[in-house]
Amino acid sequence: MASIETVTLEVADPAAAERFYATAFGLDTQIRLRASEAPTTGFRGFTLALTVSRPATVDSLIDTALDAGATSLKPAAKSLWGYGGVVQAPDGTIWKVATSAKKDTGPATRQIDEIVLLLGVADVVASKRFYVGRGLAVAKSFSRMYVEFAAGESPVKLALYRRRALAKDLGVPPEGTGTHGLVIGGAASGPFTDPDGFAWEAASSAVPAERHWA
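If you're wondering where the values come from, they're calculated on a predicted model, not measured in any experiment.

Asks: I would appreciate a short explanation of the pattern of salt bridges in the present structure.
Replies: It is possible for side chains bearing opposite charge to pair when their charged atoms get close. For the coordinates displayed, the defined rule picks out four salt bridges. For Glu201, the salt bridge goes to Arg34, with nearest N and O atoms at 3.0 Å. Within this pair, whereas Glu201 is found in strand E15 (residues 199–202), its partner Arg34 is found in strand E2 (residues 32–35), the two being separated by 167 residues in sequence. Judged by its relative accessible area of 15%, Glu201 falls in the buried class. Since its relative accessible area comes to 14%, Arg34 is described here as buried. In this structure, Glu148 and Lys157 form a salt bridge, with 3.1 Å as the shortest nitrogen-oxygen distance. Residue classification places Glu148 among the buried residues on the basis of a relative accessible area of 9%. On the accessibility criterion, Lys157 (15% relative accessible area) is buried.

Asks: Please clarify how helix H1 (residues 14–25) should be interpreted in this entry.
Replies: Residues spaced three or four apart along an α-helix point in a common direction, a consequence of the helix completing one turn every 3.6 residues. With 12 residues, H1 extends 16 Å from end C-alpha to end C-alpha; this agrees with the ideal 16 Å at 1.5 Å per step. When we look at burial in H1, the residues that qualify are Pro14, Ala17, Phe20, Tyr21, Ala24 and Phe25. Considered in projection along H1, the buried side chains sweep an arc of 120° and stay on one side of the axis. Residues of H1 that are buried sit in contact with strand E1 (4–11), E2, strand E4 (46–51), helix H2 (55–67), strand E6 (82–88) and strand E7 (94–99). One or two steps after H1, the chain reaches Gly26, where phi turns positive at roughly 70°.

Asks: Which parts of the structure should I look at to understand the sheet that holds strand E11 (residues 156–162)?
Replies: Strand pairing in a sheet takes place through backbone hydrogen bonds and is either antiparallel or parallel in direction. An order of E5-E6-E7-E4-E8-E11-E10-E9 is seen for the eight strands of this open sheet, with the pairing classed as mixed. If you trace the sheet from one side to the other, it starts and ends with strand E5 (71–79) and strand E9 (138–142), each paired once. The mean inter-strand angle of the sheet, taken between neighbouring strand axes irrespective of direction, is 20°. Across six bridges, the pairing between E5 and E6 is antiparallel.

Asks: I tried to follow the sheet that holds E1 on my own but got confused; where do I start?
Replies: The strand order across the open sheet built from five strands is E2-E1-E13-E15-E14, with neighbouring strands paired in mixed fashion. The open sheet has two edge strands, E2 and strand E14 (192–193), and neither has a second partner. Relative to E15, E14 runs antiparallel, the two being bridged by two bridges. Its bridge partner lying in E15, Thr193 is registered against Ala199. The strands that H1 touches are E1 and E2; relative to E2, the one it contacts most, it runs at about 155°.

Asks: Just checking my understanding: could you explain the side chain of Arg54 for this structure?
Replies: Positionally, Arg54 belongs in the loop between E4 and H2. No salt bridge is formed by the buried Arg54. Its closest oppositely charged neighbour is Asp104, at 5.0 Å. A distance of 2.8 Å separates a polar side-chain atom of Arg54 from the backbone oxygen of Pro107. Those residues in contact with Arg54 that lie beyond four places of it in its chain are Thr99, Ala101, Asp104, Thr105, Gly106, Pro107 and Thr109.

Asks: What should I look at first to understand the pairing of strand E13 (residues 182–186) in this one?
Replies: Residues in a regular strand point their side chains to alternate faces of the sheet. For E13, a buried count of five out of five residues is recorded, marking the element as mostly surrounded by other parts of the structure. Burial along E13 is two-sided: the residues Leu182, Ile184 and Gly186 and Val183 and Gly185 are all buried. By the bridge criterion, five bridges tie E1 to E13 in an arrangement that is antiparallel. Bridge assignment links Thr6 to a residue of E13, and that residue is Gly185. Across four bridges, the pairing between E13 and E15 is parallel. Bridge pairing links Ile184 to Trp200 in E15.

About the thresholds
Residues numbered from 1 in each chain as written. Predicted model: local features only at pLDDT ≥ 70, side-chain atom pairs only at ≥ 80, totals over all residues. Heavy atoms only, no water. Salt bridge = Lys/Arg side-chain N within 4 Å of Asp/Glu carboxyl O. Helix = DSSP H or I, 4+ residues; strand = E, 2+ residues; numbered from the N terminus. Buried < 20%, exposed > 50% of the residue type's maximum accessible area, 1.4 Å probe, protein only. Expected span 1.5 Å × (residues − 1). Arc of directions from axis to C-beta. Contact = heavy atoms within 4.5 Å. Pairing = 2+ DSSP bridges. Axes fitted to C-alpha atoms, helices over the stretch in contact; angles between N-to-C directions. Lys, Arg positive; Asp, Glu negative; His and termini not counted. Polar contact = N/O pair within 3.5 Å; in protein donor to acceptor, adjacent residues only side chain to side chain.

Encoded structure:
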C-alpha cells in the first residue's frame, strides 16, 4: 500500500525552523527541512494538523509555539468537532492543533497522537481518483468534502479537503501564488505532481543535501 514516508518543508532558514519545531511542538524525526528561496505568497494550500488527546495539551502546544515565534491565526476554542486552534510558523507553514475531546481528563502533556497532512484541493473527487490511481487506499470519504487515506506505518496521514473550505477553517484567505513550500516523499511511483501542484518524490531521494531533520 502506498503512503507518505517523509514530509519536507522548504524554508528560507532550515536551522531556525529546526529550532522552532523542536521548541514549539517537540518534533524531531517527523518533518524534514530543505533550504529554498522559491517565492510564495498567501495561502500555500495545505496545513499540518497535530491531533492530541485533550484540550490542555492543545493549549500547551499552541502556547509554546507562540512563545517560539509563531503567529496566532485562530485562538484555541471549542467547536462542533472538539477543541483546537491554528498558528502559523515563522517559516510560513500553517499548523492546526486539535482534539476531539471537549473536556480535560488529565493534565497537559506533550504527546502528539497523530500528524495529518491536509491538502486543499480544487476538486476532492478528482484528487481522490488521482491518488487511488497512485496506490493510496481510502480510509474515510465524505462526499465531495473530505477524503482521508490509510496511513499504514507512515508517521503522517494524508487527507484532502476543498481548498476554500480549508482556508476558511484555518482563518486565512484562499488566494495564494508561487510554490507550496512542500515536498512529499512516498513509496508511490514517482516523482510526480498531483492535480493541484503538490510535488511527490521517491522517499529515498527525499533527504535534502543542504540539511535534513530526521
